[in-house]
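Spelled out from the first residue to the last, the chains are:
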Amino acid sequence: MADWQVMSADYWALTLSFWQFEDANALWVLVGSVLLGVSASVVGSFAVLKRQALIGDALAHSALPGVMVAFMLFHTQSPIIMLIGAMVSSLMGFMLMSWLPKNTKIKPDAALAITLSLFFALGLMALSYIQGLNVAGKSGLDKILFGQAAAMLPEDLIVLSSVALAVLLVVGLLFQKFRLITFNENYARSLGLSVSLYQAVFACLLVLVVVIGLQIVGVVLMAAVLLVPVSAARFWHPNLAVILWVAAIIGGLSGMVSANISYLAPSAPTGPWMVLVLAGLFLLSFLFAPYQGWFFNRIRANDKDLTDDE
Amino acid sequence: MMSDIWILATACLVASSCALVGVFLVLRRQSLLGDAISHSVLLGIVLSYLMMDGRSEIAMMVGAVIMGLLTAWLAEWLQKHPLLKSDVSIGMIFTSFFALGVVLISVYAGQIDLDQECVLYGEIAFVPFDTVIWGGESMGPRAFWLALVVFLVNVSVIAVVFERYRLMAFHPVLAVALGVSVPMWHTLLMAQVSLTTVASFDAVGAILVVALLVIPASSAYLVATSLKTMLVWALGYAQLSVLLGYGLAVWLDSAIAASIAVMAGVLLLATILFQQLIQKQSQKASLASEAH
């Protein structure tokens, strides 16, 4: 703890310079993290409301072998190639996860755990294999496990930010359709909506968000960024549109704080810090949010008791 | 050569413990709770390092069991809230605990003899170097003895409460009607999961434990016809995964724990493929006999 107290003055100076945007790279990290936080929480909201909260966890773990195989094939860490590799293997994970319960006795929860751990093990095996190889440019591959925003280049961040913006745009355009399908699938079908098409689009959005989150949040904790913001937001308001806005703000805030932390401590893993910020915001919402928070529920219950007594 | 044997023996014991406990997780559809506990246990281990100012097996076990039970209990408590579903509460708790564990490791890097690498891969390759010395003589690796003790605990617990666990797995409603205290046995099972995870931590890391918990048990679930045979099959799949995985790791010079987990998955997929083929064959045969 002593180190922290001695250095706290420096930390303040650094934080100040961070928020004066003196460092162009740090500014990009900030933009990328905030956009990632926002888009992940918005897409994650639908996943949680459809009772598919942990699918993002499995998808994120499934991306690992794709990134490693892409590196083995092309010997580069260019963001586009890594994105494509991650997408391919995430989709394969998604397929395995949905195929297993339909065609074997294995239950959905076990299928999720199997997919997650098998793909993750494949990825780690490939990573350890690569680290034994004598190739250039392999350092930093392990950063996608826990994320390290500070290590990212502005080029990568520009790609990630544009993908995040595109995801947000698609969700914005299809919001009505997604809402209908999330809450009343049969009704949507009876209206002639192609439910399976929209579900496929949604699965792609989910995979995209997970994949762009890999370098900032990391494989292991990506699930939290998808499911915590919406869970917190539900304590603020019953309306879906409002929930999405609140979730986006919470996700963006956590991105902001973790960008700041990764500026202060560039070697620290970003993902775990982001998750801790999210956990704090959830706790705050759980206790003090106006709609269903513990504190106001308590007050309302008391008021009700009082009026009942009269 | 000797070190190869120690590594294999440790891995076999770890995989066996995981397989036995995993059978009940898979049957009770609580694979995800197993996943969550195996992540949370990290925080217990880190806290025990900080409190004891170093490594102490007993403190690690106590810390891990406390965090494991806390995870199970908090997940259950949170999911009672109308706005939170079970997988949401599980996901939230284990990610927060795990994140806290990793952050503590990075902040107290100088004081904790753990790093992110060993959280992920385990350090089974180094198992032979950390030996127990008793009466001036080396008694073999510490991780091996830990794994052996936990394996024996698991076997004896399962043997003693076999009927209770069976009832809880197959007829939970009947179990309640018969007056079996389901929460109590549930807690015992969760404690077993936590203990097993902490014993496996040295060897395979915090995340690959999930593979050993769920995959061999799922393979066994596909082929077994009763709880007893499922336990035996799960043990068999686990041992085969360890042997094949170790061979794979030597061949490719890859991480041992990850290779073992991969082989467990390969065996599961092979089992499924085999069953699907047999199913196709019998469908064909029945179609042919109908045609005649």
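Everything here concerns the structure above.
Residues numbered from 1 in each chain as written. Chains lettered and ligands numbered in written order. Predicted model: local features only at pLDDT ≥ 70, side-chain atom pairs only at ≥ 80, totals over all residues. Heavy atoms only, no water.

1. Looking at the overall build of chain B
Stated precisely, the cut-off is as follows: To qualify as a helix, a DSSP run of H or I must reach at least 4 residues; to qualify as a strand, a run of E must reach at least 2; elements of each kind are numbered from the N terminus. Radius of gyration here uses only the C-alpha atoms, and the compact-globule reference equals 2.2 Å multiplied by the residue count raised to the power 0.38. Remark: exposure states derive from per-residue accessible area (1.4 Å probe, protein chains only) relative to the maximum for the residue type, with buried under 20%, exposed over 50%, and partly exposed in between. Only the protein chains shown count as cover for residues, with accessible areas throughout obtained via the Shrake-Rupley method and a probe of 1.4 Å. Charged residues are defined narrowly, with Lys and Arg counted positive, Asp and Glu counted negative, and His plus the chain ends left uncounted. The atom standing in for a charge is NZ when the residue is Lys, CZ when it is Arg, CG when it is Asp and CD when it is Glu.
Check the secondary structure of chain B and you find 11 helices and 2 strands. Scanning chain B from its N terminus toward the C terminus, one meets helices and strands in the order α-α-α-α-α-β-β-α-α-α-α-α-α. Its C-alpha atoms give chain B a radius of gyration of 20 Å, near enough to 19 Å, the size a compact globule of 292 residues would have. Per-residue burial over chain B gives 59% buried out of 292 residues. Working note: accessible area of chain B is about 12400 Å², and carbon and sulfur atoms make up 69% of it. Seen as two clouds, the 11 positive and the 16 negative side-chain charges of chain B have centres 19 Å apart.

2. A few points about the interface of chain B and chain A
In plain terms, the rule: Two residues qualify as a contact provided that any one of their heavy atoms is within 4.5 Å of a heavy atom in the partner residue. As a working definition, buried area equals the accessible area (1.4 Å probe) given up by two parts on being put together, with both sides summed. Here, a salt bridge means any side-chain nitrogen of Lys or Arg that lies within 4 Å of a carboxyl oxygen of Asp or Glu. Each polar contact in these results corresponds to two N or O atoms within 3.5 Å; when the atoms are within protein, one needs to be able to donate a hydrogen and the other to accept it, and residues that are neighboring in sequence are counted only if both atoms are side-chain atoms.
Contacts between chain B and chain A engage 55 residues on the former and 55 residues on the latter. For the pair chain B and chain A, the summed buried area comes to about 4800 Å², and 76% of that belongs to carbon and sulfur atoms. Where chain B packs against chain A, one counts 0 salt bridges. In this structure, the connection of chain B to chain A is made through 7 residue pairs in polar contact (both at pLDDT 80 or more).

3. A short note on the environment of B:Lys284
Relative to the assigned elements, B:Lys284 resides in helix α11 (residues 256-291). For the pair B:Lys284 and B:Ile37, spaced 247 residues apart in sequence, the C-alpha to C-alpha distance is 45 Å.

4. Here's the deal with the side chain of A:Ser33
Residue and element names in this part refer to chain A. Take Ser33: it is sitting in helix α2 (residues 24-49). Residue classification places Ser33 among the buried positions, given a relative accessible area of 0%. Beyond its immediate chain neighbours, meaning those up to four positions away, Ser33 contacts Ile216, Gly255, Ala259 and Met274.

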